[in-house]
2 protein chains.
Amino acid sequence: MRRTAPAHLELHRFPVDPWRLVERQYDRADLGLTETLFAVANGYIGLRANPEEGRDAHSHGTFLNGFHETWSITHAEDAYGFAKVGQTIVNAPDAKVIKLYVDDEPLLLSSADLESYERVLDLREGTLTRDLVWRTPGGKRVRVRAQRFVSLAHRHLAVMTFEVTLLDGSAPIVISSQLLNRQDGEDEYHVTTAALGETVDPRRNRTFGHRVLVPKLHRDVDGEAALGYSCANSGMTLACVLRHLVETSAAHDIESTVAPDIAKTVLTARVQPGETVRVVKLVSYHTSSGVPVEELADRCCRTLRRAVADGVESLLAEQRMWLDGFWAASDIELRGDDAAQQAIRWNLFQLAQASAQVQQHGIAAKGVTGSGYEGHYFWDTETYVIPFLAYTNPEAARRLLRFRWQMLPTARQRAQVLNQRGALYPWRTINGEEASAYYAAGTAQYHINAAIAFALKRYLDASGDMDFLANEGAEMLVETARLWEDLGFWSANGDETFRIHGVTGPDEYTTVVNDNLYTNVMARFNMRYASRVVELLQTWADESYDSLCRRLALAPEEVDTWVRAADAMFLPYDEGLGIHPQDDGFLELEPWNFAGTPAADYPLLLHYHPLVIYRHQVLKQADVVLAMALRSDQFPLDVRRRNFDYYDPITTGDSSLSACVQAIAAAQIGYDDLAVEYFREALFVDLADTHGNASDGVHVASAGGVWGTVAFGFAGLFDTGTCLRFTPSLPSAWEGVSFRMQRHGSCLLVEIDADGCTVTVLAGAPVPIDLGTDTTPDIAHVAAGTSQRIARIPLD
Amino acid sequence: MRRTAPAHLELHRFPVDPWRLVERQYDRADLGLTETLFAVANGYIGLRANPEEGRDAHSHGTFLNGFHETWSITHAEDAYGFAKVGQTIVNAPDAKVIKLYVDDEPLLLSSADLESYERVLDLREGTLTRDLVWRTPGGKRVRVRAQRFVSLAHRHLAVMTFEVTLLDGSAPIVISSQLLNRQDGEDEYHVTTAALGETVDPRRNRTFGHRVLVPKLHRDVDGEAALGYSCANSGMTLACVLRHLVETSAAHDIESTVAPDIAKTVLTARVQPGETVRVVKLVSYHTSSGVPVEELADRCCRTLRRAVADGVESLLAEQRMWLDGFWAASDIELRGDDAAQQAIRWNLFQLAQASAQVQQHGIAAKGVTGSGYEGHYFWDTETYVIPFLAYTNPEAARRLLRFRWQMLPTARQRAQVLNQRGALYPWRTINGEEASAYYAAGTAQYHINAAIAFALKRYLDASGDMDFLANEGAEMLVETARLWEDLGFWSANGDETFRIHGVTGPDEYTTVVNDNLYTNVMARFNMRYASRVVELLQTWADESYDSLCRRLALAPEEVDTWVRAADAMFLPYDEGLGIHPQDDGFLELEPWNFAGTPAADYPLLLHYHPLVIYRHQVLKQADVVLAMALRSDQFPLDVRRRNFDYYDPITTGDSSLSACVQAIAAAQIGYDDLAVEYFREALFVDLADTHGNASDGVHVASAGGVWGTVAFGFAGLFDTGTCLRFTPSLPSAWEGVSFRMQRHGSCLLVEIDADGCTVTVLAGAPVPIDLGTDTTPDIAHVAAGTSQRIARIPLD
């Protein structure tokens, strides 16, 4: 009953390969998609996969996490408390450009006569390579090998090599390597701007009306070409410096020019048949919220000098080593479906590219692979990505949570504006201020507070980091719990229930509703968890409790109010249907006419006025199902199944956050076939462009959901905080699935097969695993080097 | 329990006078208020009461009904179906300016040494006069008499006279009469622009970023000075032409200059003691959506030549005659409260100034006295003003309804965009397109459809205009009924009710709710009335029925669906409280903390985020009470009282539409004292500036509600469509109230006293008046020249 079977759920046009994404033919028709799929990034620097030659592109994107411009939001009708200042990630100066001329004729992929072409994103090497043979207009064959990578080990470094070999005939060649400010220049960027009066897809990026990057520095000294800018409104600063190393036996000249918006290093050479010219281009970016551009340029130079000293081979080896470590901690092996195996690895690789070097920043909805959603951080990171990081790279999870902790002062201010105590995290932001201009599907999503609290629990359960709990963690929990207790109220109808009104759940196809089940379940969790943590600190009776109470003016009586509110939290339940209504009024809404909705009308948000969508029982993503997936222990199996049966057919999946959650929930309730179907849908959100907007960047949260489906879905991982539980259920489509995870520093391998799973502790302290039932725990402490077998228990 | 007793419910600073508003002292502190209170207008041309000398002003406003600029609405987050093009009334070139210099010293009220000063808005003469004696810096005393009026009889004409007399000493004087484009020039206009990031009061006007008026013509030929413009975006065209007549015995010179943004006629004279210089300035404006400026200027010249031929005295006499007619048809006489009598007449005068020359336009929220709400037409005209017009000037009501009929094609398109059949009228508009950029308090107010249907019924009941019914009326009713039937749906819960979800009622302090009582009551009316009218046409069996069915593809089965939906319309009712909840979920909302809300926090909309307001039981205006006031026959008295008792204490009255409705409803249920209190509040909305924004223009709808309170409240007028009923209830505060009205061409005088009322038919056919009860009608046909006594029936 869901809208349609996704139109192209076969792997796109790329051959199956377990460790590589390979393109064998240049195709101008899907540049937007391939720019995203082949992008290289490290969570700080992101380079879309534009060809070295520039020109034809969906968007020539270079993004630096957190580097944004601000602008004044003009509300057509303003109101008190509306977000006033927009934040948009800036397209940073483009260092990818390396143009080639042979006999003065340019190489241009769209028109070139190519004898061979291959482009490979190597998931173990962490490189994007392109190898082609070009027959020039003059009939000469030229091999061009290009490689680029963004260092996963060195935050500010990207490396490109460009190698030209004349296969027959000699020729003069020119290689023009550039650094180009496209943000403010002529650009093919944003070919899809809307005409006057046309609806703009709100998920796409914004064009500015002013010059964004104000030139502050341009110079080329000692072979280091530098450009520096500050953003006109936000005042953020950026420097980018290039160095070029040339290797060739051919006689050559190098000339450099630099201007405010372009730095150019041009090599000219007379090359003989069989002779090769190789240029290594080392690039460093540094950004800041206020450090002068000169200082940033100095930092770039230091980064580059170290890189030159190390040498490209060494940097490549480090890249490989970093990824070896990543795969050892994070790989999922799927036996019996090679295409899915490849897709899984591509998704995991995207998680590495989105998180590796994130420091003092969040992870944007598209990572740094595109400008979709304006480079904003949402709740997705906490809900979909941090669980993966918590169990595979807890240090990265900690950094992200600490970033949220640093945001507390602005979150407190925002709560005040909204007339609430405590802290309210912004629905979308880069700099900590609320940037959501449409409050109904923005600020009203108070549930982001609980998402952060929940991610914190994931991290603490996985890491056992009591130090973080006692300091940053407890403070975040207190302030978020405060907000919930103040936001909700005790019903006047005498039923002693605690209600939360006027909020929007994750399903944005209804907004500003009362007692959204997801929100209430998560708010209840948030308040309970906060109270437990405060009690725990009190038990420790060390200075952290006193400090907390002092800093936050916290008294035990206040903690009691959270517990009372949580215990009395109203969770709408319909006795007749035996399900939880999505909100208090949801079941009163008119059914959506799915039969009368043409396939072209999806996603509905682009084809129906919000009022039309809001008044119908139709979902973008099923948030009752999400509540079950996250808090499975809070719902009996029969209720979960009835919920799923009710909501699944009315869920459009118009959100890319939908498929993986349906997969997890389906797996948890024994709907194996459906789980596999949804898992595939999540796997190919980008690779098969099932949402039609992969060109805007990678759907990072969905990638996180891929790992989540295997761990929380098929393996049935549940972390009680004191031990792990597994409820394995391998779909019959596959022979076996295994994945790695960590718990309190110990490393585990979980191998799922048809009959259950085997959990092997590879290293570290013994891991407590509960083999009992809900009512009768039976904890096994599995030591390093040993395994524990867990049998599959049929759910029916 | 309402927020506070209005702070300044004594008459402002103007002496009590039954037919005049008088100002005895120039006060720079409340220029915005007095510019509005003393404005002169005829519904087409509106001149704010800026002093002739210009300079100090809240806003130098000259408004021409419907003359607007368009602009592209930039939604911070756009969505399908959002309004894309804004419409804003333009500040037309200012012809009010007449500057005076004596001994080369300018007269400037803010600094002038004034021996005497009086400004009078005469409600019978229809003029604004100012009489002052100025002691010049050189010590000479100069009498300056200025008068202006906008002709109520001649749509395109305004007349100003300016008379200077030297009381002692001779002096050279200069009178500089100007026509000045302020829209695009330097101006004191909009002194209250917001700083970056500040919340802008959404009720105020907009400033443009571009030059709005593109000069197309400037010339001065044969003493006719003309300026012409077209609007940069909307393409609307305007011409304004001036003529000056000079009367003086003093030797004088006249020099004229004209430039694209200013036309200036300068008189210089050497004046002896006792000598007078009098300048008459005749001004004509013509606007169009496309007629070339030259042609408009020709029209202006023709208007002016006629005016010159008639002479100012004749024009003044016509003005007086027009108003004699107006007062004969519309006056309300109140015995026992002179201040209230004055305020009543001022309000009625505003209705004349807002409606007299409205043709092919609507009446904007502020008439043509200010640019508040951007000059848009809302539902207020239909709900608050047309009832007054229907019973006092039915031809004016007809013109307004015909304007809505002309808007049907765009209303049909808008319904399509919103996925609905039939027609959906725009929430706010000038040109017929939806201009509301905030759908929750805009497009979601579907109830505007019913407001138009209801106004149509008022007009038809009052006029008996069957021709209009058969043509324009029936078409509007069919298309609005269609929308309701399609918008609502049959509840799936088996209770056979018809529901309307996702709409906003008149009370904008909750939005996008389900089964808003007001909306459902009015939608029910709309569908029933449409079906009755279609049946009526069918009974006539003439060509109008066939034509209607053919044009609108209407079949009897469709009419049946309206009747079924109307009969099954769900009207939320709470058995426990015995009241109608404002919407299906209203009683579940948290109570508002009135005790904890400081007076400075009103209106709430400027001090609380919409989400905070929406989730509480707090009203801007009580729309359940409005439903009772409009459809009193649909609710038993006890229910009406309980409703009133419940909603009145939680109604802030933050909307100026609130007080008069509370007054009508209170009077209808026998709450006399409260009715008087609210009636006073409505009377002084502008005169005492109780909402703090009278500076933006007259609250025309509230003025309409003043008449409505007397007619529908204190007289208890109810029109069944076939006869009139009266349920008089004079508050003990007054000795008597009488008012005039028309019905099917007959003129009535209704005199209310403590014991009941006397209805006298002054002229025309006998008027059927029902003297019976709800169950037992007793129709008296009261003939011209006779009276019918109706006794007050105590409600308790």
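Note that residues are indexed from 1 along each chain, following the sequence as it is written. Here every chain gets a letter starting at A, and every ligand a number starting at 1, in the order they are written. A pLDDT threshold of at least 70 governs which residues receive local features in this predicted model, and a stricter bar of 80 or more applies before side-chain atom pairs are shown or counted, although totals over entire chains, interfaces and linings include all residues. The side-chain numbers reported here are obtained from all heavy atoms of the structure, hydrogens and water having been left aside.

**Student:** What exactly am I supposed to notice about the overall build of chain A here?
**Tutor:** Helix numbers and strand numbers start at the N terminus; a helix is a DSSP run of H or I with at least 4 residues, a strand a run of E with at least 2. For chain A, the helix and strand inventory stands at 18 helices and 32 strands. Overall, chain A is about 90 × 60 × 60 Å in size when its C-alpha atoms are taken along their principal axes. Accessible area is worked out with a 1.4 Å probe on protein chains only. A residue is then buried under 20% of its type maximum, exposed over 50%, and partly exposed in between. Across the 796 residues that make up chain A, the buried fraction comes to 66%. Contact between two residues is taken to exist if any of their heavy atoms lie within 4.5 Å; hydrogens are not considered. Partitioning the contacts of chain A with sequence separation of at least 6, the portion at a separation of at least 24 is 68%. Here Asp and Glu are counted as negative and Lys and Arg as positive; His is not counted, and neither are the chain ends. Where a charge lies is defined by one atom per residue type, namely NZ (Lys), CZ (Arg), CG (Asp) and CD (Glu). Computed over 71 positive and 105 negative side-chain charges, the inter-centroid distance for chain A is 4 Å.

**Student:** So what exactly am I meant to see when it comes to the interface of chain B and chain A here?
**Tutor:** Size of an interface, as often reported, equals the accessible area lost when the parts are brought together. Facing the 54 residues of chain B at the interface are 54 residues of chain A. Buried area: the accessible area, evaluated with a 1.4 Å probe, that two parts lose upon being put together, summed over both parts. Broken down residue by residue, the surface that chain B buries against chain A is led by B:E77, B:Y80 and B:R615, which jointly contribute 15%. Basic side-chain nitrogens of Lys or Arg form a salt bridge, by our definition, when they fall within 4 Å of a carboxyl oxygen of Asp or Glu. For the salt bridge of A:R428 with B:E77, the shortest nitrogen-to-oxygen distance reads 3.6 Å. Under this definition, polar contacts are N or O atom pairs within 3.5 Å; protein pairs additionally need one hydrogen-donor-capable and one acceptor-capable atom, and for neighbouring residues in sequence, both atoms have to be side-chain atoms. Where chain B packs against chain A, one counts 10 residue pairs in polar contact (both at pLDDT 80 or more). The element that contributes the greatest number of residues to the side of chain B that touches chain A is helix α13 (residues 610-614) of chain B, accounting for 4 residues. For this classification, Asp, Glu, Lys and Arg are treated as charged, while Ala, Val, Leu, Ile, Met, Phe, Trp, Tyr, Cys and Pro are nonpolar and the rest, including Gly, are polar. Within the side of chain B that touches chain A, the residues separate by chemical class into 27 nonpolar, 16 polar and 11 charged.

**Student:** Would you explain the pattern of salt bridges in this entry?
**Tutor:** Opposite charge on two side chains permits pairing when their charged atoms draw close. All names here are of chain A. Enumeration over the complete set of coordinates arrives at 99 salt bridges over all chains. One salt bridge connects E115 with R135, and the closest N-O pair in it is separated by 2.7 Å. Placement of E115 in strand β9 (residues 113-122) and of R135 in strand β10 (residues 127-135) is noted, with a sequence separation of 20 residues between them. With relative accessibility at 40%, the residue E115 sits in the partly exposed group. Residue class for R135 comes out partly exposed when judged on its relative accessible area of 34%.

**Student:** Could you clarify how one ought to interpret the sheet that holds strand β3 (residues 45-47) of chain A in this entry?
**Tutor:** Two orientations exist for strands paired in a sheet by backbone hydrogen bonds: parallel and antiparallel. All names here are of chain A. The rule for pairing is simple: two strands pair if DSSP sees at least two bridges between them. Strand order in the open sheet formed by 3 strands is β2-β3-β4, with antiparallel pairing between adjacent strands. The open sheet has two edge strands, β2 (40-41) and β4 (62-64), and neither has a second partner. Pairing of β3 with β4, which is carried by 3 bridges, proceeds in the antiparallel orientation. Within the sheet, the bridge partner assigned to G46 lies in β4 and is F63.

**Student:** Help me understand a nonpolar patch on the surface, please; the structure alone is not making it clear to me.
**Tutor:** Note that patches include only residues with greater than 30% relative accessible area and no salt bridge, and the join distances are 9 Å for like charges and 5 Å for nonpolar side chains (Val, Leu, Ile, Met, Phe, Trp, Tyr). Shrake-Rupley sampling with a 1.4 Å probe provides the accessible areas, and residues are treated as covered by the protein chains on show and by no other component. There is a patch of nonpolar side chains on the surface, built from A:M466, A:L536 and A:W540 and spanning about 240 Å² of accessible area. For A:M466, the location among the structural elements is in helix α9 (residues 466-487).

**Student:** What is the right way to read the packing of aromatic side chains from this model?
**Tutor:** Two aromatic rings, taken as a pair, are described by how far apart their centres are and by the angle between their planes. Each pair of aromatic rings taken from Phe, Tyr and Trp, with Trp reduced to its six-membered ring, is defined by centres within 6.5 Å and is described as stacked if the planes are under 30 degrees apart, edge-to-face if over 60, and tilted in the remaining cases. Evaluated as defined, the whole model comprises 64 aromatic pairs over all chains. On the numbers, 5.5 Å between centres and 85 degrees between planes, the contact of B:F679 with B:F714 is edge-to-face. Here B:F714 lies in helix α18 (residues 700-714) and B:F679 lies in helix α17 (residues 672-683), a separation of 35 residues in the sequence. When its relative accessible area of 1% is taken as the criterion, B:F679 is described as buried. Members of the aromatic cluster, each reached through a chain of ring pairs, are A:W19, A:W322, A:F326, A:W327, A:F388, A:Y391, A:W707, A:F712 and A:F739. A ring is considered to have a charge above it if a Lys NZ or an Arg CZ atom is located within 6 Å of its centre and within 35 degrees of its normal. The cationic tip of B:R345 hangs over the ring face of B:W19; the distance from NZ or CZ to the ring centre is 3.6 Å.

**Student:** Help me out: how do you make sense of the environment of A:Y377 in this one?
**Tutor:** All names here are of chain A. Mapping Y377 onto the fold places it in the loop between α4 (338-355) and α5 (380-392). Each C-alpha atom, one on Y377 and one on L571, is 29 Å from the other, the two residues being 194 residues apart in sequence. Apart from residues no more than four positions distant in its own chain, Y377 is found in contact with N65, G66, H361, G362, I363, A364, F403, W427, R428, T429 and I430. In terms of polar contacts, Y377 uses its side chain to reach the side chain of N65, at 2.6 Å.

**Student:** Sorry if this is basic, but what is going on with the relation of the copies chain B and chain A here?
**Tutor:** Turning one copy of the chain about an axis and sliding it along that axis gives the other copy, so a rotation and a shift relate them. Here the copies were fitted onto each other by least squares, based on C-alpha atoms from residues at pLDDT of at least 70 in both. Relative to chain A, chain B is turned by 180 degrees and slid 0.0 Å along the rotation axis, the superposed coordinates differing by an RMSD of 0.0 Å. What the rotation and shift describe, once combined, is the action of a two-fold rotation axis. Ranked by how close their C-alpha atoms come to the rotation axis, the residues of chain B are headed by B:H75, at 3.2 Å. When the interface residues of chain B are mapped onto chain A, 100% of them again fall at the interface, so both copies present the same face.

**Student:** In this structure, what is going on with the environment of B:R404? I would like to understand it.
**Tutor:** Residues and elements named next belong to chain B. By the element assignment, R404 lies in helix α6 (residues 394-406). When its relative accessible area of 2% is taken as the criterion, R404 is described as buried. In contact with R404, not counting residues within four places along its chain, are F378, E382, Y425, T429, I448, I452 and M476. Here the side chain of R404 touches F378 through a polar contact of 3.1 Å, landing on its backbone oxygen.

**Student:** How should the sheet that holds strand β32 (residues 787-791) of chain A be read in this particular structure?
**Tutor:** Residues and elements named next belong to chain A. Strand order in the open sheet formed by 5 strands is β20-β27-β28-β29-β32, with antiparallel pairing between adjacent strands. If you trace the sheet from one side to the other, it starts and ends with β20 (332-335) and β32, each paired once. Ignoring strand direction, the axes of neighbouring strands in this sheet form an average angle of 20 degrees. Bridge analysis of β20 against strand β27 (residues 736-743) gives 4 bridges, and the strand direction is antiparallel. Of the residues in β27, the one forming a bridge with E333 is S738. Axis definition: a line fitted to C-alpha atoms, limited for helices to the stretch in contact. Angles are taken between N-to-C directions and run from 0 to 180 degrees.

**Student:** Where do I start with the side chain of B:H58 in this structure?
**Tutor:** Residues and elements named next belong to chain B. Turning to its location among the elements, H58 is positioned in the loop between β3 (45-47) and β4 (62-64). A relative accessible area of 18% places H58 in the buried class. Of the polar contacts made by the side chain of H58, one reaches the side chain of S59; its length is 3.2 Å.

**Student:** Explanation requested: the pairing of strand β5 (residues 68-72) of chain A in the structure shown.
**Tutor:** Remember that side chains alternate between the two faces of the sheet whenever the strand is regular. All names here are of chain A. Among the 5 residues in β5, 4 count as buried, and that is most of the element. The pairing of β5 with strand β6 (residues 85-89) spans 5 bridges and is classified as antiparallel. Note that in β6 the partner of T70 across the bridge is Q87.

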